[in-house]
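Spelled out, the chains give:
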Amino acid sequence: MVCRPCENKLPLPTKECTGPWMVPFSCAKDGSGWNNPFSLKVISAALVNGFDRGWSKHPHLCGMWKWRRIPSPFPIFVFILFSSQKEKYHTHLAVLYLDQVLKMRTSTEAVPRAQLDLGRSKLRHLLQESSLYRVQLILGKVKETDMYAECAILYGKLEEHDKALRILVHKLQDYGAAENYCVVNSKDQDLAYRRRLFQLLLSVYLDPMEGKKDSLLGPAMNLLNSPEADFDTVRVLQLLPENWSVGVISRFLANAVRASTHGSRMSRVQHTLSRSENLQLRGEVGAHGRCLIPMTEDRLCQVCQRPFSEPTFVRYPNGVVTHAQCARNKAVCPVTGRVFNTRKDSG
């Protein structure tokens, strides 16, 4: 890939852009061309093509292999958004991000804190948003460091939520991040899964094996009273220490009673609506059953156009009357092709 200054537009193919791993591309002198959506797609396709064709074995062909030709504002992970969802791409990108962060942390030269924080932020974003990389491989590298936030994300990907929450609570002492962890990891999950995560966090707060007893009483109460949290009230009461007074959890109990009352009322409303719908359907069935169908000698079957010689016949909801043997599918009108529900409406 060749990047050369131009006037804010993509160049035409040139002789120096004809290598098997090369894609013609150019950007503005200020780097604004890298933010063009079409430009990003071009680079993304080139990166994926390079991975597939093995350009890592020929780094001299393209300086982008080591990400040296990409301007700093360019989001490296963007090629994932435009490429195939393959594990090797996501894993390799995660390793690149991690190696970059570790290199800055172990560098003998002074690295600006903002630069290090930006690198870790991009790494955490990739670890959280992607589910295609090899978690165990990345975790093996991260566990050897004190990058606890990244460890918590990786443990979450492995469904080891207890380890992740203990890191956030006891290592980082970031109680807001612990609550947000439960919210993020319970997204698109059922209510039981969501409640299990929040109850697990509450048990971490109340675990006497970690620190002094009741040392995390404040975060525990904040969690119980949080509008984002969901709990099974009965299991929470079984988990709370016996020496806690009712006054301490009065707000939680009031919210639990209010939620229970609301749920009971909504259930009764739903039950009443279901009964009303059932009665309406029964009325429709009764109306169809009482409908008179005059059968004369001149009336013909609307399928075979022959008269009715037997007392049995079939009537469809749209008024079509046929012989019993002409009604091959009771749910589909043989004349109009209209599809009815599976409820029998034959007469």
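This is a predicted model, so every value here is computed, not measured.

A. Just the overall build of the chain, in detail. Within the chain one finds 12 helices and 4 strands. For the chain, the residues scored as buried account for 35% of the 347 residues in total. Nonlocal contacts in the chain, meaning residues at least 24 apart in sequence, comprise 45% of its contacts between residues at least 6 apart. Carbon and sulfur atoms provide 52% of the accessible area of the chain, an area that totals close to 21,800 Å².

B. Region of the structure containing helix H3 (residues 87-106). With 20 residues, H3 should cover 28 Å at 1.5 Å per step; its first-to-last C-alpha distance of 28 Å lies within 8% of that length. For H3, the full list of buried residues reads Tyr89, His90, Thr91, Leu93, Ala94, Val95, Tyr97, Leu98, Val101 and Met104.

C. Region of the structure containing the packing of helix H4 (residues 113-129) against helix H6 (residues 148-157). The contact between H4 and H6 brings their axes to 10 Å, and the two run at 5 degrees. Comparing the axis directions of H4 and H6 gives the class roughly parallel. The segment H4 lies against H6, with Arg120, Leu123, Arg124, Leu127 and Gln128 engaging Tyr148, Ala149, Glu150, Ile153, Leu154 and Lys157. Here the contact of H4 with H6 is composed, by residue class, of 6 nonpolar, 1 polar and 4 charged.

D. Seen up close, the pattern of salt bridges. Enumeration according to the criterion identifies 8 salt bridges in this entry. Across the pair Glu150 and Arg120 runs a salt bridge, and its minimum N-O distance is 2.7 Å. Here Glu150 is found in helix H6, whereas its partner Arg120 is found in helix H4, with 30 residues between them in sequence. Neither residue differs from the other here; Glu150 and Arg120 are each classed as buried.

E. Local environment of the layout of surface pockets. A volume near 320 Å³ is recorded for the second largest pocket. If you trace the second largest pocket, you find 16 residues lining it, with Gln128, Lys157, Val184, Asn185 and Lys187 closest to the centre. Of all the secondary-structure elements, those providing two or more residues to the lining of the second largest pocket are H4, H6 and helix H8 (175-185). At 4 residues, H8 tops the list of elements feeding residues into the lining of the second largest pocket. Taken together, the residues of the lining of the second largest pocket break down into 5 nonpolar, 6 polar and 5 charged.

F. Structural context of unusual backbone geometry. Here the phi dihedral of Gln173 falls at roughly 55 degrees; this positive angle occurs in a residue that is not glycine. Among the structural elements, Gln173 can be located in the loop between helix H7 (161-171) and H8. On the basis of relative accessible area, Gln173 is assigned to the exposed category, the value being 55%.

G. Just the packing of aromatic side chains, in detail. Counted by the stated rule, this structure contains 5 aromatic pairs. On the numbers, 5.9 Å between centres and 75 degrees between planes, the contact of Tyr175 with Tyr205 is edge-to-face. Note that Tyr175 is positioned in helix H8 and Tyr205 in helix H9 (residues 191-206), a separation of 30 residues in sequence. On the basis of relative accessibility, which here comes to 29%, the residue Tyr175 falls in the partly exposed class. Here the basic side chain of Arg196 rests over the ring of Tyr193, its NZ or CZ set 5.0 Å away from the ring centre.

H. Fine view of the nonpolar core. Ranked by internal contacts, the top residues of the largest apolar core, which has 51 residues, are Ile138, Leu224 and Phe231. The element that contributes the greatest number of residues to this core is H9, accounting for 9 residues. In contact with Ile138, not counting residues within four places along its chain, are Thr91, Ala94, Val95, Leu98, Leu127, Tyr133 and Leu154. Counting 6 residues, the second-largest nonpolar core is a separate cluster that includes Val314, Ala327, Cys333 and Phe340.

I. Region of interest: the packing of H9 against helix H10 (residues 217-224). Two numbers describe how H9 lies on H10: the axes approach to 9 Å, and their chain directions differ by 160 degrees. Classified by the angle their axes make, H9 and H10 are roughly antiparallel. Our pair here, H9 against H10, has a crossing hand that is left-handed. Contact residues: H9 offers Phe198, Leu201, Leu202, Tyr205 and Leu206, while H10 offers Pro219, Ala220, Leu223 and Leu224. Its residues assigned to classes, the contact of H9 with H10 comprises 9 nonpolar, no polar and no charged.

J. Quick look at the side chain of His323. Tracing the backbone through its elements, the reader meets His323 in the segment after strand S4 (321-322). When its relative accessible area of 8% is taken as the criterion, His323 is described as buried. Non-local contacts of His323, meaning those with residues more than four positions away in its chain, are made with Cys301, Cys304, Arg306, Pro307, Phe308 and Val314.

K. Focus on the confidence of the model for the chain. On average, residues of the chain score 78 in pLDDT, and 72% of them are at 70 or above. The weakest mean pLDDT in the chain belongs to strand S1 (residues 2-5) at 40; the strongest belongs to H6 at 96.

Reading the values: the criteria
Residues numbered from 1 in each chain as written. Predicted model: local features only at pLDDT ≥ 70, side-chain atom pairs only at ≥ 80, totals over all residues. Heavy atoms only, no water. Helix = DSSP H or I, 4+ residues; strand = E, 2+ residues; numbered from the N terminus. Buried < 20%, exposed > 50% of the residue type's maximum accessible area, 1.4 Å probe, protein only. Contact = heavy atoms within 4.5 Å. Areas by Shrake-Rupley, 256 points an atom, 1.4 Å probe, with all protein chains shown as cover. Expected span 1.5 Å × (residues − 1). Axes fitted to C-alpha atoms, helices over the stretch in contact; angles between N-to-C directions. Parallel < 35°, antiparallel > 145°, perpendicular 65-115°, else oblique. Nonpolar A, V, L, I, M, F, W, Y, C, P; charged D, E, K, R; others polar. Salt bridge = Lys/Arg side-chain N within 4 Å of Asp/Glu carboxyl O. 1 Å grid on protein atoms, 1.4 Å probe; cavity = no way out; pocket = protein on both sides within 12 Å on 5 of 7 lines; lining within 4 Å. Points joined across faces, edges and corners; volume = space filled by probe spheres on them. Phe/Tyr/Trp six-rings, centres within 6.5 Å; stacked < 30°, edge-to-face > 60°. Lys NZ or Arg CZ within 6 Å of the ring centre and 35° of its normal. Core = buried A, V, L, I, M, F, W, Y, C linked by side-chain atoms within 4.5 Å. Left-handed = near helix turned anticlockwise from the far one by under 90°. pLDDT = per-residue confidence, 0-100.

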